[in-house]
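Residue-level listing of the chains:
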Amino acid sequence: MAWVNENYAALEDSYLFSEVAHRVAAFTAVHPEKKIIRLGIGDVTLPLAPVVVEAMQRAVFEMGVKETFRGYGPEQGYDFLHEALVKYYAGFGVSLESSEIFISDGAKSDCGNITDIFDDANIILVPDPVYPVYLDTNIMRGRRIIFMKGSPENQFLPMPDDAVKADIIYLCSPNNPTGAAYSKEQLEAWVAYARKQDAVILYDAAYEAFIGDETLPRSIFLVEGAKECAIELCSLSKTAGFTGTRCGYTVVPKVLKRKTKTGKELFLNKMWLRRQTTKFNGVPYIVQRGAEAVFTPEGQKQCRENLAYYKENAKLIGNVLEEKNISYYGGKNSPYIWMQCPNHMKSWEFFDYLLENLGIVGTPGSGFGSMGEGWFRLTAFASREATQEAVERFRSLPPQ
Ligand SMILES: *Cc1c(COP(=O)(O)O)cnc(C)c1O
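Residues numbered from 1 in each chain as written. Predicted model: local features only at pLDDT ≥ 70, side-chain atom pairs only at ≥ 80, totals over all residues. Heavy atoms only, no water.

Visitor: I'd like a rundown of the site of the ligand, residues and numbers included.
Guide: Surveying the vicinity of the ligand reveals 14 residues, the closest of which are Asp-204, Tyr-207, Ser-235, Ser-237 and Lys-238. Contact between the ligand and Asn-176: an oxygen atom at 2.8 Å from a side-chain N or O atom of the residue. Asp-204 is positioned such that a nitrogen or oxygen atom in its side chain is 2.7 Å from a nitrogen atom of the ligand. For the ligand, whose unbound accessible area comes to 390 Å², protein coverage reaches 92%. Using a 2 Å cut-off from the grid points, one finds that the ligand occupies the largest pocket. Of all the secondary structure elements, the ones that give two or more residues to the shell around the ligand are helix H4 (107–113) and helix H7 (237–240). (Near = heavy atom within 4 Å. Polar contact = N/O pair within 3.5 Å; in protein donor to acceptor, adjacent residues only side chain to side chain. Areas by Shrake-Rupley, 256 points an atom, 1.4 Å probe, with all protein chains shown as cover. 1 Å grid on protein atoms, 1.4 Å probe; cavity = no way out; pocket = protein on both sides within 12 Å on 5 of 7 lines; lining within 4 Å. Sits in = over half its atoms within 2 Å of the grid points. Helix = DSSP H or I, 4+ residues; strand = E, 2+ residues; numbered from the N terminus.)

Visitor: Account for empty space enclosed by the protein, with residues named and values stated.
Guide: For the coordinates displayed, the defined rule picks out four cavities of 30 Å³ or more. The calculated volume of the largest cavity comes to roughly 80 Å³. Contributing to the lining of the largest cavity are 13 residues, with Tyr-88, Ala-209, Thr-239, Val-294 and Gln-300 lying nearest its centre. Among the elements that make up the lining of the largest cavity, the one with the highest residue count is helix H10 (residues 297–323) (four residues). (Points joined across faces, edges and corners; volume = space filled by probe spheres on them.)

Visitor: Give me the lowdown on the layout of surface pockets, citing residues and values where you can.
Guide: Here the largest pocket defines a volume of roughly 1,200 Å³. Around the largest pocket, the lining comprises 43 residues; the ones closest to its centre are Phe-17, Val-130, Tyr-131, Pro-132 and Val-133. Taken together, the elements giving at least two residues each to the lining of the largest pocket come down to helix H1 (16–30), H4, strand E3 (123–128), helix H5 (132–139), strand E4 (144–149) and H7. Broken down by element, the lining of the largest pocket gets its largest block of residues, seven residues, from H5. Looking at side-chain class alone, the lining of the largest pocket contains 22 nonpolar, eleven polar and ten charged residues. If you add up the space inside the second largest pocket, you get close to 520 Å³. The wall of the second largest pocket is formed by 23 residues, among which Asn-122, Asp-198, Arg-258, Lys-259 and Thr-260 lie closest to the centre. Taken together, the elements giving at least two residues each to the lining of the second largest pocket come down to strand E9 (257–259), strand E10 (265–267) and helix H8 (268–279). With three residues, the top contributor of residues to the lining of the second largest pocket is E9. When the residues that make up the lining of the second largest pocket are grouped by side-chain class, the tally is eleven nonpolar, two polar and ten charged. (Nonpolar A, V, L, I, M, F, W, Y, C, P; charged D, E, K, R; others polar.)

Visitor: Break down the state of the cysteines for me, with residues and values.
Guide: Under the defined criterion, the tally for this structure stands at zero disulfides. Between Cys-111, a free cysteine, and Cys-172, which holds the nearest cysteine sulfur, the sulfur-to-sulfur gap is 8.9 Å. A residue is classified by how much of its surface remains accessible, and Cys-111, at 2% relative accessible area, is buried. Distance from the sulfur of Cys-303, which forms no disulfide, to the nearest cysteine sulfur (Cys-247) is 12 Å. Judged by relative accessible area, which is 5%, Cys-303 ranks as buried. (Disulfide = S-S within 2.5 Å. Buried < 20%, exposed > 50% of the residue type's maximum accessible area, 1.4 Å probe, protein only.)

Visitor: Break down the packing of H1 against helix H11 (residues 347–358) for me, with residues and values.
Guide: Relative orientation of the contacting elements H1 and H11 amounts to 35 degrees, with a least axis distance of 11 Å. For the crossing formed where H1 meets H11, the hand is right-handed. For the pair H1 and H11, contact is made by Leu-16, Glu-19, Val-20, Arg-23, Val-24 and Phe-27 and by Trp-348, Phe-351, Asp-352, Leu-355 and Glu-356, respectively. Each residue belonging to the contact of H1 with H11 can be placed in one class, and the counts come to seven nonpolar, no polar and four charged. (Axes fitted to C-alpha atoms, helices over the stretch in contact; angles between N-to-C directions. Left-handed = near helix turned anticlockwise from the far one by under 90°. Contact = heavy atoms within 4.5 Å.)

Visitor: Lay out the nonpolar core in plain terms, naming residues and giving numbers.
Guide: Core analysis: the largest hydrophobic core is formed by 106 residues, its most contacted members being Ile-169, Ile-201, Tyr-249 and Phe-394. Ranked by residues supplied to this core, first place goes to H10 with seven residues. When near neighbours in sequence (up to four residues on either side) are disregarded, Phe-394 contacts Val-320, Leu-321, Lys-324, Met-339, Leu-354, Leu-358, Ile-360 and Leu-378. Counting 24 residues, the second largest nonpolar core, distinct from the first, contains Phe-118, Val-133, Val-252 and Leu-256. (Core = buried A, V, L, I, M, F, W, Y, C linked by side-chain atoms within 4.5 Å.)

Below you can see the structure in the form of structure tokens.
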């Protein structure tokens, strides 16, 4: 008899995006003539930067020649990419060693896989609203999860509460879905809390490249003492358009250590290396050459042009919401605009209103947690033309 994992029965059906698709299909069936603008997409739309494509083409060619062909590579990634990342981090003031960086096929995998190296008795602290992966990967392990509330009172940036005991803390900054980003002082408070509780912070920096405000930290390791209590998860998905190409990296500092339940002290960097070398065989050489090109000066220039395009879209959306006196977060150091539903509408109510009256599709905030009720996520990933058209339609909304 094979028993299956009971915890999977405790997962809630993720109906958010299927329900969105269902309601849009129902609307277009009745109104085939209406042009729908999709501001719900959480995926990039601009193609890969030319230098990335050229680097991958060269790598494909190498793979077809006996002298330069490569088989299995190092599970944790090639040195050339580690070195590119060490330089990249140094560029915003963080000093890392190559062996602290692990290349993977993306932050979502690492986010789920990192749960392997922690005991299931840990109490998990996650923000609400939140990227659903933090929650579901821990439900799959049967762990106890507690929530910290994001709301306008804390600008959707929950802060530590000494009365709350937690062992593993998920932070995402700039945040998906709220677009809010922690300041250095706020991260200092989190690091202090984690160190006091002997907790570990899992810091999701997938949107760090969207930070334009120089005073905001692009890595938690800019905070003193963070290497003793934090792991950083990062991805080329949103920063370089790698959502379909797949490449990310996770930083596990050498000094980070914690005890097992029976008191054995282990280094998390060694544990993660052991986990990855056992269960993962690395990212394709071709993709890693493409990733390396992202971090060259020309690659950075080309990728930043794409980011600037999305950020301009975000600004256009933000501007029209301001004109309409609609309160929102994000949109500045993030591709997400987290807006309050007008006239006290609930998230799904506003979804229907927006679809039926303006032909615009967004994502109901309640799909990201109970604190998202009454809020709504718009994204800046549509084309400029579609975004401008959506802005014009928003302009026709009655004043709030
Ligand atoms: C998109 C996203 C990621 C990146 O996931 P990949 O697996 O690298 O594509 C990570 N975290 C958050 C919050 C995201 O929105």
